[in-house]
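# Architecture at a glance
This is what each chain is made of:
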Amino acid sequence: MIKFGPSGTGSLFEEEGFSKTIDVPAWLKAKGLDLYEYSFGRGVRMGEETAKIYGAEFAKHGIEISVHAPYFINLATCEEDKAANNHRYIKESLIALKNLGGKRCVFHPGSPLKMPRGKAMDLLMQRLDTLLADLYESGLSDTMLAIETMGKQAQLGDVDEIIRMVNRDKMLYPCIDFGHLNARTGGTLKSYDDYKAVLEKFIDGVGYDKVNNMHVHFSKIEYSAKGEVRHLTFEDDVYGPDFEPLAQALIDLNLSPYIVSESAGTQTLDSLYMKNYYNSLLK
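Here's what I pulled together on the structure shown here. (Residues numbered from 1 in each chain as written. Predicted model: local features only at pLDDT ≥ 70, side-chain atom pairs only at ≥ 80, totals over all residues. Heavy atoms only, no water.)

## Notes on the overall build of the protein chain
Helix and strand counts for the protein chain stand at 11 helices and 10 strands. Relative to the 2.2 N^0.38 estimate, which gives 19 Å for 283 residues, the radius of gyration of the protein chain is 18 Å and therefore close to what a compact globule would have. C-alpha atoms of the protein chain, sized along the principal axes, occupy 45 × 45 × 30 Å. By the burial criterion, 55% of the 283 residues in the protein chain qualify as buried. (Helix = DSSP H or I, 4+ residues; strand = E, 2+ residues; numbered from the N terminus. Rg over C-alpha atoms; globule rule 2.2 N^0.38 Å. Buried < 20%, exposed > 50% of the residue type's maximum accessible area, 1.4 Å probe, protein only.)

## Focus on the side chain of Ser263
Inspection of the secondary structure puts Ser263 in the loop between strand 10 (258-261) and helix 11 (267-282). According to the relative accessible area criterion, Ser263 is buried, its value standing at 4%. Polar side-chain contacts of Ser263 include one of 2.7 Å to the side chain of Asp270. Apart from residues lying up to four places away in sequence, Ser263 is in contact with Phe218, Ser219, Leu232, Thr233, Phe234 and Asp270. (Polar contact = N/O pair within 3.5 Å; in protein donor to acceptor, adjacent residues only side chain to side chain. Contact = heavy atoms within 4.5 Å.)

## Description of the side chain of Ser66
Along the chain, Ser66 turns up in strand 3 (residues 64-68). Residue Ser66 is classed as buried on the basis of its relative accessible area of 3%. A distance of 2.7 Å separates polar atoms of two side chains, one belonging to Ser66 and the other to Glu37.

## Quick look at the nonpolar core
Membership of the largest hydrophobic core comes to 75 residues, with the highest contact counts inside it found for Phe107, Leu128, Leu145, Phe178, Leu199, Phe218 and Ile259. At 9 residues, helix 5 (residues 117-137) tops the list of elements feeding residues into this core. Those residues in contact with Phe107 that lie beyond four places of it in its chain are His68, Ala69, Ile73, Leu75, Ile90, Leu128, Leu145, Ala146, Ile147 and Glu148. (Core = buried A, V, L, I, M, F, W, Y, C linked by side-chain atoms within 4.5 Å.)

## Points about the sheet that holds strand 2 (residues 35-39)
Ordered in space as 1-10-7-6-5-4-3-2, the 8 strands form an open sheet in which the pairing is parallel. Looking along the sheet, the strands with just one partner apiece sit at the ends: strand 1 (3-6) and strand 2. Within the sheet, the average angular offset between the axes of one strand and its neighbour, ignoring direction, is 25 degrees. In this structure, strand 2 lies alongside strand 3, joined through 5 bridges in parallel fashion. Within the sheet, the bridge partner assigned to Ser39 lies in strand 3 and is His68. (Pairing = 2+ DSSP bridges. Axes fitted to C-alpha atoms, helices over the stretch in contact; angles between N-to-C directions.)

## Notes on the pairing of strand 7 (residues 215-218)
Burial along strand 7 is two-sided: His215 and His217 and Val216 and Phe218, pointing in opposite directions, are all buried. Pairing of strand 6 (residues 172-177) with strand 7, which is carried by 3 bridges, proceeds in the parallel orientation. If you follow Asp177 over to strand 7, its bridge partner there is His217. Examined bridge by bridge, strand 7 and strand 10 share 4 bridges and lie parallel to one another. Pairing of Val216 across the sheet is with Ile259, part of strand 10.

## Here's the deal with unusual backbone geometry
Peptide bonds are, in most cases, trans, and in most cases residues other than glycine have a negative phi. Cis geometry is adopted by the peptide bond preceding Pro241, which originates at Gly240 and carries an omega value of 5 degrees. Within the fold, Pro241 resides in the loop between strand 9 (227-231) and helix 10 (244-252). With a phi angle near 55 degrees, Leu113 is a residue other than glycine that sits in the positive phi range. Mapped onto the secondary structure, Leu113 falls in the loop between strand 4 (104-107) and helix 5. With phi around 55 degrees, Asn254 is a residue other than glycine that occupies positive phi space. Assessed through its relative accessible area of 53%, Asn254 is described here as exposed.

## Examining the packing of aromatic side chains
Tallying each qualifying case throughout the model produces 15 aromatic pairs. With a centroid separation of 6.3 Å and 80 degrees between ring planes, the pair formed by Phe4 and Phe243 is classed as edge-to-face. Separated by 239 residues along the polypeptide, Phe4 in strand 1 and Phe243 in the loop between strand 9 and helix 10 bring together distant segments of the chain. The same class applies to Phe4 and to Phe243, which are both buried. Grouped by ring-pair contacts, the aromatic residues Phe4, Phe178, Tyr195, Phe218, Phe234, Phe243, Tyr273, Tyr277 and Tyr278 constitute a single cluster. Note that Arg104 overlies the ring of Tyr258, its terminal NZ or CZ placed 3.7 Å from the centroid. (Phe/Tyr/Trp six-rings, centres within 6.5 Å; stacked < 30°, edge-to-face > 60°. Lys NZ or Arg CZ within 6 Å of the ring centre and 35° of its normal.)

## Looking at the packing of helix 5 against helix 6 (residues 159-166)
Where helix 5 contacts helix 6, the two axes come as close as 11 Å, and the packing angle between them is 25 degrees. By the criterion of interaxial angle, the relationship of helix 5 to helix 6 is roughly parallel. Note that helix 5 runs across helix 6; the crossing there is right-handed. Between helix 5 and helix 6, the residues in contact are Arg117, Met121, Asp122, Leu124, Met125 and Leu128 and Glu161, Arg164 and Met165, respectively. Across the contact of helix 5 with helix 6, the residue classes break down as 5 nonpolar, no polar and 4 charged. (Parallel < 35°, antiparallel > 145°, perpendicular 65-115°, else oblique. Left-handed = near helix turned anticlockwise from the far one by under 90°. Nonpolar A, V, L, I, M, F, W, Y, C, P; charged D, E, K, R; others polar.)

Below is the structure:
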């Protein structure tokens, strides 16, 4: 079943008098949302006991929880100490995820830095193989690793690259960030057909089941000639992309992903808009 929710709570949470993570599940349930993404952007700093307390509260209110691994992960690094740290960050994220009672962990694949792009991708795939072997050995293969499409042209993570990564193992899924794709391609996601073409390419590339169960990030994003600049709100009418044609494409292709809003401060309201709009199309 398709689900909607925010990454973080945005400004509305504090405006309504809340400040603690323990209050998030009941608050989201009251808003009519289904999921929540907890970001470990600057590192995993959540102990086992705290995670289990939070997890029990999310389960009580029927809110699905996912996590985002630290933003600075780069599986294409040529430095062995940094590669080891990247693997540790992902493992720590997955352990916290399991303690929270969730199943989905999103991560950024990386950047070539000064390497040729093809060489960087080959190195990334080697790092990915090492990571996967470790995760299986550590009993963490029952979770979903969602690899995110990236917003800057210099970053690894266009459609073809994500397809190549996701095909490496059954625990790997795409996280399609449509705002990122729109930004890195200079605003090419405009119509129903544009969205449908992206979704069908992923279906052809990784199979229907993985796309049906994929993770989605959605926000409007300002972009320059090099790609992503900053996240915006749904009030933007310049950069896009718009959610409405994507909603129809998801329905027509019979896809039921988890959709997370990453809007700049309005992510809860924009999540609710997406859910309500999507449901209006079903009536």
